[in-house]
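Structural features, examined
In case you want the letters, here they are:
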Amino acid sequence: MSDFPDIPPGISLADALRSAPLDALENRILIGHALQLTRIQLITQSERLLTAAEATQLSALLRRRLQGEPIAYLVGEREFFGLAMQVTPDVLIPRPDTELLVELALERLPLQGKALDMGTGSGAIAVAIAHTRPDVAMTALDVSEAALKVAASNAQRHGAKVDFLRSDWYAALGEVAAPYLDLIVSNPPYIVAGDAHLSQGDLRFEPIAALTDHADGLSALRIIIDGAAAYLKPDGWLLMEHGYDQSEAVRKLLAQRGFAEVQSWRDLAGIERVSGGKLPRAS
Ligand code: GLN
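Residues numbered from 1 in each chain as written. Predicted model: local features only at pLDDT ≥ 70, side-chain atom pairs only at ≥ 80, totals over all residues. Heavy atoms only, no water.

By the secondary structure assignment, R64 is in helix α4 (residues 52-66). Given the relative accessible area of 37%, R64 is considered partly exposed. Considered as a pair, R64 and K114 are 50 residues apart in the sequence and their alpha carbons are 42 Å apart. Once residues within four sequence positions are removed from consideration, R64 is found in contact with E69 and L74. (Helix = DSSP H or I, 4+ residues; strand = E, 2+ residues; numbered from the N terminus. Buried < 20%, exposed > 50% of the residue type's maximum accessible area, 1.4 Å probe, protein only. Contact = heavy atoms within 4.5 Å.)

Encoded structure:
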């Protein structure tokens, strides 16, 4: 369905919900957003009539959705790890599967540990960790200034203490006298250049630099793995999300760099989605 008749002014909320062109759930979300009404208010105020301005605004929003814009960008937020995260087209929309990365990180972070999130985007991972574990010293970096603004607003919104840094992977961290991190996490761009998914669904509207390395899909993962030892303390963990078919390649890269306990974990769909390893103590 590419178009639909405008929502007429004076229509009741109940009729608007019935006649809007999306499925029931999406109609509810977008009408609630356009009219600033909660799910409960949508029910209790079902007799309420839409003003002309509301009807126009709603029609425009529905039309954008029909053209494929992700719901999260239209309403400006998406829930991640139980927290409402602000999202804009400058950042990837947080995926439920990425909560696995947060859980694995939380299990491994020592009390008052130091953690780094590389390519933080919306800040979802870093904010979820820092919100759950206020004892942790959390740093998050991204090369995109626009993404860092969104991430900082999410940290503030949830009272999470995160230090943000603009950096092209490790570049701005510079040389350090001694490794100081207990954990590095990252959900980097890992989709192979030209993959059909990039031109389908929500991905068409997401920042391309957050999705693909424009190469074999492993180049960002390689940079992260190759640089980690300079910053990770002995026994420190590196955990990375990757593509559905990359776990073997990522485990191999980790093993080549001397990581121990190299393993992969499955996402909600049962696919190996996160791999990681522990930096051994020098012998
Ligand atoms: N998981 C995302 C997707 O396939 C990609 C995220 C990423 O490249 N880091 O839709």
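Glancing now at unusual backbone geometry. Phi is positive for W169, close to 50°, though the residue is something other than glycine. For W169, the position within the fold is in the loop between β5 (162-166) and β6 (181-186). A relative accessible area of 17% means that W169 is categorised as buried.

What follows is about the pairing of strand β8 (residues 260-266). The sheet contact formed by β8 and strand β9 (residues 272-278) spans five bridges and is antiparallel. The residue of β9 that forms the bridge with A260 is K278. (Pairing = 2+ DSSP bridges.)

As defined by bridge partners, strand β4 (residues 137-142) adjoins β5 across five bridges and the pair is classed as parallel. In the strand pairing of β5, M138 is matched with V162. This β-α-β element, β4 to helix α8 (residues 145-157) to β5, shows right-handed connectivity. (Right-handed = clockwise from strand over helix to strand, strands pointing away.)

All right, on to the side chain of S264 then. Tracing the backbone shows S264 in strand β8. Side chain to side chain, S264 and R251 meet in a polar contact 2.7 Å long. Not counting chain neighbours up to four residues away, the residues in contact with S264 comprise S247, R251, E272, V274 and S275. (Polar contact = N/O pair within 3.5 Å; in protein donor to acceptor, adjacent residues only side chain to side chain.)

Two pairing modes exist for strands in a sheet, parallel and antiparallel, and in both the strands are linked by backbone hydrogen bonds. Pairing is mixed across the open sheet formed by seven strands, whose spatial order is β5-β4-β3-β6-β7-β9-β8. Single-partner strands in this sheet number two, and they are β5 and β8. Averaged over all pairs of adjacent strands, the angle between strand axes in this sheet comes to 15°, irrespective of strand direction. With four bridges joining them, strand β3 (residues 114-118) and β6 adopt parallel strand pairing. Bridged to A115 within β6 is L183. Contacts from α8 reach β4 and β5 within the one sheet, and its direction differs from that of β5 by about 175°. Strand contacts of helix α11 (residues 247-256): β7 (232-241), β8 and β9, with the helix running at about 10° to β9, the strand carrying the most contacts. (Axes fitted to C-alpha atoms, helices over the stretch in contact; angles between N-to-C directions.)

Fair warning: the whole summary comes from geometry, so function is off the table for now.
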